[in-house]
Amino acid sequence: MSAAGVVYVVDDDPSFRKAVTRLLTAVGLSVQSYSSGAELLTHLSGSAAAEESGCVLADLCMPGLDGLQLQEACTEAGVGLPFVFLTGHGDVPSAVSAMRHGAIDFLDKCAPQHALLASLEQALERGANTRAVRVRREQLEQRFAALTPREREVLEQVVRGRMNKQIAAALGIHERTVKLHRNAITTKLGVRSVAELTTLTREIGLFPEPQQSCP
Amino acid sequence: MGVGAGPPLREVSAFVCVRTKSLTGEGQLQGRTMSLVTTLWSMQAAAALTLAVLYAVVWSIDRRNLANLMLCVVAVAMAIAARDEVGMMHAATTAQYGEWARLIYVPIFFALIGLLLFVQLFLGTGRLWLLWTIVGARLVMLVGNFLTYPTFSWQEILTLRHVSFLGEQVALVGSTVLRSWHWLSLASCALIIVFVADAVLRASRRGGAEGRRKALIVAVGVGLPLFITIVYAEAVLLGASLPLLVTPAFLITFLVMAVELSRGFLLTRQTRQELEELRSELARAGRVTALGQLASALAHELSQPLSAILRNAEAAEIHLNNPEPDLNELREIVADIRRDDQRAGDVIEQMRALIKRRTLQMHPLALSEVVEDVISLVHSDALARRVALDYVMTPGLPLVSGDRVHLSQVLLNLIINGMDAMQTCPASNKRVVIEARPREEGRVEVAVTDYGPGVPAGLIDRVFDPFFTTKSGGLGMGLPISRTIIEAHGGRLWAEHAPAGRGLTFRFTLSQAQGALS
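Thresholds applied
- Residues numbered from 1 in each chain as written.
- Chains lettered and ligands numbered in written order.
- Predicted model: local features only at pLDDT ≥ 70, side-chain atom pairs only at ≥ 80, totals over all residues.
- Heavy atoms only, no water.
- Contact = heavy atoms within 4.5 Å.
- Salt bridge = Lys/Arg side-chain N within 4 Å of Asp/Glu carboxyl O.
- Helix = DSSP H or I, 4+ residues; strand = E, 2+ residues; numbered from the N terminus.
- Nonpolar A, V, L, I, M, F, W, Y, C, P; charged D, E, K, R; others polar.
- Pairing = 2+ DSSP bridges.
- Axes fitted to C-alpha atoms, helices over the stretch in contact; angles between N-to-C directions.
- Phe/Tyr/Trp six-rings, centres within 6.5 Å; stacked < 30°, edge-to-face > 60°.
- Buried < 20%, exposed > 50% of the residue type's maximum accessible area, 1.4 Å probe, protein only.
- pLDDT = per-residue confidence, 0-100.
- Parallel < 35°, antiparallel > 145°, perpendicular 65-115°, else oblique.
- Left-handed = near helix turned anticlockwise from the far one by under 90°.
- Polar contact = N/O pair within 3.5 Å; in protein donor to acceptor, adjacent residues only side chain to side chain.
- Core = buried A, V, L, I, M, F, W, Y, C linked by side-chain atoms within 4.5 Å.
- Arc of directions from axis to C-beta.

1. So, the interface of chain B and chain A
At the interface, 24 residues of chain B touch 27 residues of chain A. The partner of Arg22 of chain A in a salt bridge is Glu329 of chain B, and the shortest N-O contact between them spans 3.3 Å. Listed by contribution, the elements that provide at least two residues to the side of chain B that touches chain A are α11 (295–321), α12 (327–355) and α13 (367–384) of chain B. With 14 residues, α11 of chain B is the single largest residue contributor to the side of chain B that touches chain A. Of the residues assigned to the side of chain B that touches chain A, the class counts are 8 nonpolar, 7 polar and 9 charged.

2. What about the sheet that holds strand β2 (residues 30–34) of chain A?
All names here are of chain A. The strand order across the open sheet built from 5 strands is β2-β1-β3-β4-β5, with neighbouring strands paired in parallel fashion. Looking at strand neighbours, the two that pair on one side only are β2 and β5 (105–108), the edges of this open sheet. Shown here is a sheet whose adjacent strand axes are inclined to one another by a mean of 20°, direction ignored. Strand direction decides the pairing type here: strand β3 (residues 54–59) and strand β4 (residues 83–87), joined by 4 bridges, are parallel. Looking across to β4, one finds that Val56 is bridged to Phe83.

3. Some words on the packing of aromatic side chains
Residues and elements named next belong to chain A. By the definition in use, this model includes 7 aromatic pairs over all chains. Where Tyr8 meets Tyr34, the ring centres are 6.2 Å apart and the plane angle is 35°; that geometry is what we call tilted. Taken as a pair, Tyr8 in strand β1 (residues 6–10) and Tyr34 in strand β2 lie far apart in primary sequence, 26 residues in all. In this structure Tyr8 comes out as buried when scored by relative accessible area, which is 1%.

4. Some remarks on the confidence of the model for chain A
Low pLDDT means the predicted coordinates in that region are not meant to be read closely. Chain-level statistics for chain A give a pLDDT mean of 81 and a share of 90% at 70 or above. Of all the helices and strands in chain A, helix α4 (residues 92–100) of chain A carries the lowest mean pLDDT, 73, while helix α1 (residues 14–26) of chain A carries the highest, 92.

5. Notes on the packing of α13 of chain B against helix α14 (residues 404–421) of chain B
Residues and elements named next belong to chain B. One can describe the packing of α13 onto α14 by two numbers: an axis separation of 9 Å at closest approach and a directional angle of 40°. By the angle between their directions, the pair α13 and α14 is classed as oblique. In this structure, the crossing between α13 and α14 has a hand that is right-handed. Between α13 and α14, the contacting residues are Glu369, Val370, Val371, Asp373, Val374, Leu377, Val378, Asp381 and Ala382 on the first element and Arg404, Leu407, Ser408, Leu411, Leu412, Ile415, Ile416 and Met419 on the second.

6. Observations concerning the environment of Thr176 of chain B
Residue and element names in this part refer to chain B. Position of Thr176 relative to the elements: it lies in strand β2 (residues 168–178). With relative accessibility at 23%, the residue Thr176 sits in the partly exposed group. Separated by 20 residues in the primary sequence, Thr176 and Glu156 have C-alpha atoms spaced 5.6 Å apart. In contact with Thr176, not counting residues within four places along its chain, are Trp154, Glu156, Ile157, Leu158 and Leu237. Within polar-contact distance, the side chain of Thr176 engages the side chain of Trp154 at 3.3 Å.

7. Considerations on the environment of Glu168 of chain B
Residues and elements named next belong to chain B. Here Glu168 shows up in strand β2. It is 7.7 Å that separates the C-alpha atoms of Glu168 and Leu36, two residues lying 132 residues apart in sequence. In terms of polar contacts, Glu168 uses its side chain to reach the backbone amide nitrogen of Leu36, at 3.3 Å.

8. Remarks on the pattern of salt bridges
One pass over the full model with this rule turns up 29 salt bridges over all chains. The partner of Asp59 of chain A in a salt bridge is Lys109 of chain A, and the shortest N-O contact between them spans 3.1 Å. Residue Asp59 of chain A is located in strand β3, and its partner Lys109 of chain A is located in the loop between β5 and α5 (113–145); the two are separated by 50 residues in the primary sequence. With respect to burial, Asp59 of chain A and Lys109 of chain A carry one shared label: buried. A single salt-bridge network, built from bridges that share partners, covers Lys18 and Arg22 of chain A together with Glu329, Glu332, Asp336 and Arg339 of chain B.

9. Remarks on the packing of α1 of chain A against α12 of chain B
Packed helix pairs are characterised by how far apart their axes lie and by the angle those axes make with each other. The N-to-C vectors of α1 of chain A and α12 of chain B enclose an angle of 145°; their axes lie 11 Å apart at closest approach. Classified by chirality, the crossing of α12 of chain B by α1 of chain A is left-handed. Each of Ser15, Lys18 and Arg22 of chain A in α1 of chain A lies in contact with α12 of chain B, whose residues at this interface are Glu329, Glu332, Ile333, Asp336, Arg339, Asp340 and Arg343 of chain B. Here the residues of the contact of α1 of chain A with α12 of chain B are counted per class, giving 1 nonpolar, 1 polar and 8 charged.

10. A short note on the nonpolar core
Across soluble globular proteins, nonpolar side chains show a tendency to be buried alongside one another. Residues and elements named next belong to chain B. Grouped together as the largest cluster of nonpolar side chains are 69 residues, with contacts concentrated most on Tyr97, Phe118, Val218, Leu226 and Met257. For this core, the leading source of residues is helix α4 (residues 66–89), giving 14 residues. Sequence-distant contacts of Tyr97, that is, excluding residues within four places in its chain, are made with Met88, Ala91, Trp154, Ile157, Leu160, Ala171, Leu172, Val173 and Leu244. Grouped together as the second largest cluster of nonpolar side chains are 52 residues, Ala283, Val432, Leu493 and Leu510 included.

11. Here we look at helix α9 (residues 194–203) of chain A
All names here are of chain A. Taken together, the buried positions of α9 are Leu197, Thr198, Leu200 and Thr201. Around the axis of α9, the buried residues are gathered within 165° of arc, so they sit on the same side. Exposed residues lying more than 90 degrees from the buried face of α9 are Ala195 and Arg202. One or two positions beyond α9, positive phi appears at Gly205, with a value near 75°.

12. Considering unusual backbone geometry
Residue and element names in this part refer to chain B. With an omega dihedral of -5°, the bond running from Tyr149 to Pro150 counts as a cis peptide bond. In this structure, Pro150 sits in the loop between α7 (128–147) and β1 (154–165). The phi dihedral of Arg386 is positive, around 60°, even though this residue is not glycine. Take Arg386: it is sitting in the loop between α13 and β4 (388–393). Since its relative accessible area comes to 24%, Arg386 is described here as partly exposed.

This is the structure in structure tokens:
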């Protein structure tokens with residue numbers, strides 16, 4: 001399989017857990033298995049896990065945390081892992097609820113191998129994407145965090161398309177000082193053009209644009 | 001023989017022997033042996049008394065069935081009447097004859113009234129006013145009989161005659177003077193015949209095979225002998241040259257009643273057998289229903305090992321496609337497949353055992369195994385309903401004597417009931433606790449407790465009533481069937497309010513098996 005990342009298998013039935021782990025390992029996936037949702041949550045709260053991308057393959061019906069509750073707990077903990085659910089007896093309300101909460105798929109435990117693997121591949125892909133987005137965002141946030149409050153004020157004016165003269169007037173500083181701030185901003189954020197600056201600012205959701213009223 | 005050989009009779013017999021010798025010259029033989037009449041009538045009395053005892057026993061078992069008491073009265077009366085008849089036949093003088101004839105009114109009164117009440121109780125179709133008219137008339141005759149001499153019908157017995165009867169000489173009335181009120185006797189006899197005939201006709205007309213059968217029994221067993229006896233007795237009273245005999249015709253009654261009684265016993269046995277079959281059929285239906293409730297959970301229970309087998313087989317295929325397959329891994333996979341197959345097979349075996357029709361087979365059982373089997377069956381269902389199943393077992397619990405399948409059924413029922421009762425409870429409270437502990441006198445008690453809303457205090461005993469249910473989809477047969485099963489084990493099953501103040505506890509007891517600890 002092409003997708004990278006860890007498949008976290010969560011199932012209370014030891015023999016099924018072992019069998020599915022065996023199969024996924026055989027097709028070349030990296031697998032970690034847990035006998036309960038609580039066990040997985042403990043692992044994910046560890047620092048090492050934050051660096052991994054992956055997806056969860058969980059039994060819907062388990063003692064303690066069931067599959068849906070585990071999915072909820074992961075969302076609450078800020079772990080954006082995609083879920084694929086397995087069930088011995090598929091019931092529609094659970095499936096609907098699972099899909100609404102962003103599950104990739106909802107499969108019978110005896111589902112064909114290709115279906116299972118396709119779902120997992122999709123989940124891993126999404127997991128990797130989510131992680132990539134998250135990593136990039138974290139890096140951006142780090143870069144933006146380096147700005148001083150005054151630089152942020154200048155940045156806001158720049159992003160809104162003001163000229164240096166206007167910025168200087170608005171903030172009550174000298175036009176040359178504005179230029180200095182702008183240089184510092186582009187250096188700290190590692191951007192070359194105003195267009196790039198605007199895109200990045202939008203990406204991390206800084207300075208939401210005021211509601212434009214129609215003339 | 002009790003009645004037939006009473007002191008007055010012996011006296012009379014001796015006298016008769018002497019007398020017959022003088023009359024026929026054949027007396028020597030009879031003098032040495034008991035007379036045939038005495039023998040036959042004694043046997044008849046004995047048969048009547050035997051039947052009386054039988055009917056008394058039957059009546060004591062079911063006291064509401066007064067018809068049996070009536071037959072007992074009739075039989076006793078017939079035995080006494082037999083004694084009186086022998087007395088009459090062996091009477092030497094008119095005075096002796098009159099005395100016996102007087103006495104025989106008492107058993108005849110009781111026999112007649114007993115028979116009529118029997119007809120009424122047995123068929124229920126007689127006309128009551130007719131019945132009470134007859135009783136009144138016969139009572140007047142009975143009282144009148146003892147206020148006059150020698151009897152109610154005879155004003156005077158003038159002469160006795162002796163005729164040959166059953167190879168010996170017996171006495172019978174020669175000439176008598178009838179009283180004017182003898183018509184009352186005739187009228188009461190006519191009314192008796194009318195009453196019985198009417199009751200029989202109405203019973204047979206009311207229809208039904210059973211009704212017609214009963215009508216036939218009464219017609220042959222009561223109507224016919226009564227008719228013969230009444231016609232015969234009236235003929236004698238009016239002067240026919242015959243001994244006054246009441247009892248022989250009622251041999252028919254005894255015969256018919258004996259047949260009816262043994263038929264009753266046979267039917268009871270058959271009924272009991274049918275009941276046994278019905279009970280086992282009902283228990284099986286209960287098990288199938290319980291399994292039906294568990295169907296989706298059982299499917300899950302089966303799909304677990306099956307899907308493990310599938311994934312293992314798929315993994316094995318991938319390994320086999322490898323140019324250098326990992327044989328150790330493959331061996332492990334095969335071993336796991338085998339184990340999962342065994343697991344699926346066990347589930348199916350348990351289901352099959354519960355579905356099979358079977359009668360109770362008692363064996364020494366380890367309760368822990370039975371409980372674990374049942375828990376493995378309901379495990380998935382409990383999981384799906386988010387009910388925790390707890391199992392508390394006193395260590396060193398003795399083996400119990402019981403039928404594994406039937407006991408599993410009871411536990412299954414009680415656990416499913418408990419889970420059903422908590423349907424509306426918050427998930428954190430859903431718990432069914434199964435406890436087993438030894439009790440006094442070699443008994444073991446099992447308790448199944450739920451933490452549901454319970455039932456109101458007044459209804460706690462009604463939960464065992466057939467068709468009593470608080471569930472929307474419930475049949476109300478689970479608990480009555482369970483109780484039947486436990487009672488067939490010689491134990492008791494009852495319900496209590498759970499100690500926690502919420503929910504119900506069902507307890508049942510079982511006998512400890514003879515032998516060692518489990």
